[in-house]
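Observations on chain architecture
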Amino acid sequence: MAIEAARLSPSLAAAAILGRRGPPPVALPLRRALPLLLPPLRRRLCFLAAAGGDGRAVALPSSELRKRRGGASSSSSAAPVGEDEKLRSLRRLLARPDVAIDAYIVPSQDAHQSEFIAECFMRRAYLTGFTGSAGTAVVTKDKAALWTDGRYFLQAEKELSHDWTLMRSGNQGVPTTSEWLNEVLPSGCRVGIDPFLFSFDAAEELKDAISEKNHELVLIKDLNLVDEIWGESRPEPPKERTRVHGIKYAGVDVPSKLSFVRSQLAENGCNAVVISLLDEVAWLLNMRGSDVPNSPVFYSYLIVEDTAATLFVDNNKVSEDVLEHLEKAGVKLKPYEAILSDVERLAENGAKLWLDSSSINAAIVNVFRSSCERYVKKRGKAGRQIGKESSQGDPATGSSGVQNGTVNALYKVSPATLAKAVKNEAEVEGMKSSHLRDAAALAEFWCWLEGQVRESVPLTEVQVAEKLLEFRQKQDGFIDTSFDTISGYGANGAIIHYRPTPESCSSVGSDNLFLLDSGAQYIDGTTDITRTVHFGEPTPRQKECFTRVLQGHIALDQAVFPERTPGFVLDVLARSSLWKIGLDYRHGTGHGVGAALNVHEGPQSISYRYGNLTALQKGMIVSNEPGYYEDNSFGIRIENLLLVKEVNLPNSFGGVSYLGFEKLTFVPIQSKLVDLSLLSPSEINWINEYHDEVWEKVSPLLSGHSLDWLRKNTRPL
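Notes on the structure follow. Since this is a predicted model, take the numbers as computed values, not measurements.

1. Looking at the overall build of the protein
- Looking only at helices and strands, the protein has 22 helices and 30 strands in total.
- Look at the contacts in the protein between residues 6 or more apart in sequence, and 72% of them connect residues 24 or more apart.
- Summing over all exposed atoms, the protein offers an accessible surface of approximately 27,600 Å²; the carbon and sulfur share of this is 49%.

Here it is in structure tokens:
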């Protein structure tokens, strides 16, 4: 699934879209796979010079863009003229005396900075009508704007009403959210946010940026304004029960994982750490849930102390076997809402707390800081300052905010982040096994779909996605999809994160390319694969673009690199063939993948953004997914998952080890789309050897027509 894998703060809204415009400083770690996308080399700028002729770039409302492209969609033309009722209601709240703000920022995230969230937390989607997973809405008393990245430009144009201005993040002339606020608001205004929805780092960055115009950042902790207007129609919070993730799949028991965390606490002089990222809580406790669509996680916090551990979760989600599992590991339960009071308790006890400020929400950090201040005053240490502890030379540690006083907080990347990313033997085995079963399901599916199209059976993109789900559901250990299937025929394939709906999808035929990006959650692993096919005769243009994408895919797959190499160093390998003819793509090349966890995880990535200095390590899993997208025409993407492994070489310059990749995905790549004249002999060999592996590994799992299909599609070029 194509994302920008640079590890930014999980608040895409706050760190990426409303943050700085250029690449981030390399001295800071970039965390959590949330997309910032590459501006295309040949930008199609959607701006006009101002009426005065000064050349200033001005963003156009989405309704105006639709008009200039040939008229508004049926949905937009049916919209009533005038202010949207949701915006009108929100603006009334801005003016309420107990709120009294001039602007309100609505990000995409929940209180855990999740990329995928439960429906009840989809506030930005409810307010704007834009359903993409990444974006930030900003509403002032007379303006409304939405920022999103290059994966969603076309989708946002279709979904936003005339009341909203679409801001294409990363394009030339488009201000960041903070820059826009500084431009449209008079000096000295109040900008409100819900501090639970912003990481501490993102909130601090926003506060600093808007202070240039003497604006005040107002943390509205006890009232989310979108929830107020959503009212009783807001969906109920998820209530599904959690389950134990067996040691057969987890590989390491909970006491061992907690012991590791406590060793990190001792090494860093801390008494406790707050874990707020849902996949980290699930991984540490060998638990899984179903609170979030496509992700086997559950809403919770975890505090690990030097002698205790507490899980903050709705007790109704904990079954008897899960309770027994936790008790054996020495983990206590408290209500989800008790997290703030427990943070206060730690502060009042003088505990030194480890907080991952790139993911922990600003509400928790501010409660801890204010409680520390009360603790200091209580003990007569009025001159003490609360802030960040410095760790010279360590880019994963925040800079110092403490002078001449005792430090109460260490702001540093969570101790679980890297440990979770480096898979153990059981996790690797589970990923390999689940990928083979997934490959069998896909072979059966592609065999079926080719037959349906050949016989001119009418099928929509939605029906195709539903049929793929049926094939996957037959496989042992299937739980869910790992994200909403991207089933895009023709021009829809050019919408990078296209999601078909029954009301608006296209039919799949034989006249254009069909892009299918899908994945599954199994009991033992997580899959993510993209294939692009043509059921008729592709054009020379399509074949050239496909082949150049494939060349980039092959180049990255074959990469060998020294240990301690960050992923951004490899990104050029995937783009080079496209660059040679002036083409590119607006997303990262590779993201981390969890083991029976989130399909997007970090801290590793393969991306053109050079701020992420996380080195690729043996045991990490990344995607390899270059692509090319021709707006309003077609899209191409080829994606496999790769396991980072050690490679044996005849030399070891400088005494360092060298790394490479091992394939996890084994599904044929359509040969009719390959222009052999562009390929080198070694690239042809790679395709043939890959298809030999596909046949060897997957054919024992198939029979009948699907086995014949696999044989046909793995023949040598």
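2. A closer look at helix α22 (residues 704–713)
- Turning to α22, its buried residues number three or more, namely S706, L707, W709, L710 and N713. Along the axis of α22, the buried residues cluster in a sector spanning 155°; they form a single face. Those residues of α22 that are exposed and angled more than 90 degrees off the buried face are H705 and K712.
- On its buried side, α22 packs onto α17 (425–454) and α21 (681–698).

3. Concerning unusual backbone geometry
- Note the cis peptide between G602 and P603, where omega equals 10°.
- By the element assignment, P603 lies in strand β25 (residues 601–606).
- The backbone of N214 shows a phi angle near 60°, a positive value even though the residue is not glycine.
- The residue N214 is located in the loop between α8 (200–210) and β8 (216–219) in this model.
- With a phi angle near 75°, N294 is a residue other than glycine that sits in the positive phi range.

4. Some points on the pattern of salt bridges
- Enumeration over the complete set of coordinates arrives at 34 salt bridges.
- For E344, the salt bridge goes to R374, with nearest N and O atoms at 3.9 Å. Note that E344 is positioned in helix α14 (residues 339–348) and R374 in helix α15 (residues 362–378), a separation of 30 residues in sequence.
- The partner of R472 in a salt bridge is D438, with the nearest N and O atoms 2.6 Å apart. Of this pair, R472 sits in helix α18 (residues 461–473) while D438 is found in helix α17, placing the two residues 34 residues apart along the sequence. D438 matches R472 in its accessibility class, with the two residues each being buried.
- Three or more residues are tied together by salt bridges with common partners; here these are D279, K420, K423 and E601.

5. Some words on the sheet that holds strand β22 (residues 529–534)
- Taken together, the three strands give an open sheet; going across it, the order is β18-β19-β22, and neighbouring strands pair in antiparallel fashion. Two strands close off the open sheet at either side, each with one partner strand: β18 (486–489) and β22. The average undirected angle you get between the axes of adjacent strands in this sheet is 10°.
- One ladder, built from four bridges, connects β18 with strand β19 (residues 513–518); its direction is antiparallel. What sits directly across from I486, in β19, is D517.

6. Digging into the packing of aromatic side chains
- With the rule as written, the count across this model stands at 16 aromatic pairs.
- Ring geometry for F478 against Y522: centres 5.8 Å apart, planes inclined by 80°, an arrangement best described as edge-to-face. Highlighted residues: F478 in strand β17 (residues 478–481) and Y522 in strand β20 (residues 520–522), separated in sequence by 44 residues.
- Overall, the relative accessible area of 1% leaves Y522 in the buried class.
- An angle of 50° between the planes, with centres 5.5 Å apart, marks the rings of F561 and F661 as tilted. You can see F561 sitting in strand β23 (residues 561–562) and its partner F661 sitting in strand β30 (residues 658–663), a full 100 residues away along the chain. Of the two residues, F561 and F661, neither departs from the other in class, the shared state being buried.
- Members of the aromatic cluster, joined through ring pairs, are F445, W446, W448, F471 and F514.
- We note R168 situated over the ring of F153; from NZ or CZ to the ring centre the distance is 5.7 Å.
- Its end group placed over the ring of Y585, R575 keeps NZ or CZ at 3.9 Å from the ring centre.

7. Quick word on a positive patch on the surface
- Together, R454, K672, K712 and R715 make up a positively charged patch on the protein surface.
- Tracing the sequence through the fold places K712 in helix α22.

8. Looking at the sheet that holds strand β14 (residues 331–334)
- Taking strand neighbours across the sheet as the criterion, the six strands line up as β14-β13-β12-β10-β15-β16 in an open arrangement whose pairing is mixed. Edge positions in the sheet fall to β14 and β16 (409–411), since each has one partner strand and no second. Averaged over all pairs of adjacent strands, the angle between their axes in this sheet comes to 20°, without regard to strand direction.
- Inspection of the sheet shows strand β10 (residues 272–275) paired to strand β12 (residues 301–305) by four bridges, in the antiparallel sense. Pairing of I275 across the sheet is with L302, part of β12.
- Across the sheet, helix α11 (residues 254–267) lies against β10, β12, β13 (309–312), β14 and β15 (353–355), angled at about 60° from β12, the strand it touches most.

9. Focus on the nonpolar core
- The biggest cluster of nonpolar side chains holds 101 residues, and the ones touching the most others in it are L285, L311, W446, L449, F514 and L550.
- Counting residues per element, this core draws most heavily on α17, which supplies 10 residues.
- Grouped together as the second largest cluster of nonpolar side chains are 28 residues, L87, A134, L160 and W164 included.

10. Regarding the environment of R151
- For R151, the position within the fold is in the loop between β5 (144–148) and α6 (153–159).
- For the pair R151 and R586, spaced 435 residues apart in the sequence, the C-alpha separation amounts to 6.7 Å.
- Polar side-chain contacts of R151 include one of 2.9 Å to the side chain of D149.
- At a separation of 3.3 Å, a polar atom in the side chain of R151 contacts the side chain of H497.

11. Describing the packing of helix α7 (residues 177–184) against α8
- Contact geometry of α7 with α8 gives a least axis separation of 9 Å together with a crossing angle of 30°. If you check the angle between α7 and α8, you find them roughly parallel. Along this stretch, α7 crosses α8, giving a crossing that reads as right-handed. Counted together, S178, L181 and N182 of α7 and L206, A209 and I210 of α8 form the full contact between these two elements.
- Tallied by class, residues from the contact of α7 with α8 come to four nonpolar, two polar and no charged.

What counts, and where the lines are drawn
- Per chain, residue numbering runs from 1 following the sequence as it is written.
- Local features in this predicted model are restricted to residues whose pLDDT is 70 or higher, and side-chain atom pairs enter the listing and the counts only when it is 80 or higher, whereas totals over whole chains, interfaces and linings include all residues.
- For side-chain calculations, the full set of non-hydrogen atoms in the structure is used, while hydrogens and water are omitted.
- Helix and strand definitions follow DSSP, with helices as H or I runs of at least four residues and strands as E runs of at least two, each counted in order from the N terminus.
- Contacts: residue pairs with any heavy atoms within 4.5 Å of one another.
- The protein chains shown are the only cover counted for residues, whose accessible areas, like all others here, come from Shrake-Rupley with a 1.4 Å probe.
- Whether a residue is buried, partly exposed or exposed follows from its accessible area with a 1.4 Å probe, protein chains only, as a fraction of its type maximum: under 20%, in between, or over 50%, in that order.
- What the arc describes is the spread of directions from the helix axis to the C-beta atoms.
- A pair is scored as a salt bridge if a Lys or Arg side-chain nitrogen falls within 4 Å of a carboxyl oxygen belonging to Asp or Glu.
- Strand pairing follows a simple DSSP-based rule, namely that at least 2 bridges must link the two strands.
- To obtain an axis, a line is fitted to C-alpha atoms, over the contacting stretch when the element is a helix, and the angle between two such axes runs from 0 to 180 degrees between their N-to-C directions.
- In this scheme Phe, Tyr and Trp rings, the latter by its six-membered ring, pair at centre separations within 6.5 Å, and the angle between planes marks the pair as stacked below 30 degrees, edge-to-face above 60, and tilted otherwise.
- Should the NZ of a Lys or the CZ of an Arg lie within 6 Å of a ring centre and within 35 degrees of the ring normal, that charge is described as sitting over the ring.
- Patches were defined on residues exceeding 30% relative accessible area and lacking a salt bridge, with like-charge contacts within 9 Å and nonpolar side-chain contacts (Val, Leu, Ile, Met, Phe, Trp, Tyr) within 5 Å.
- The sign given to each residue is positive for Lys and Arg and negative for Asp and Glu; His and the chain ends receive no count.
- By convention, the point assigned to a charge is CZ for Arg, NZ for Lys, CD for Glu and CG for Asp.
- Nonpolar cores were defined as sets of buried Ala, Val, Leu, Ile, Met, Phe, Trp, Tyr and Cys residues, with membership established by side-chain atoms within 4.5 Å.
- Identification of polar contacts relies on pairs of N or O atoms within 3.5 Å, with a donor-acceptor requirement for protein atoms, meaning one able to donate a hydrogen and the other able to accept it, and with residues adjacent in sequence counted only if both atoms are side-chain atoms.
- Here the word oblique covers every angle except those under 35 degrees (roughly parallel), over 145 (roughly antiparallel) and from 65 to 115 (roughly perpendicular).
- Each crossing is labelled by how the near helix is turned from the far one, with a counterclockwise turn of less than a right angle marking it left-handed and a clockwise turn marking it right-handed.
- Residues are grouped as follows: Ala, Val, Leu, Ile, Met, Phe, Trp, Tyr, Cys and Pro are nonpolar; Asp, Glu, Lys and Arg are charged; every other residue, Gly included, is polar.

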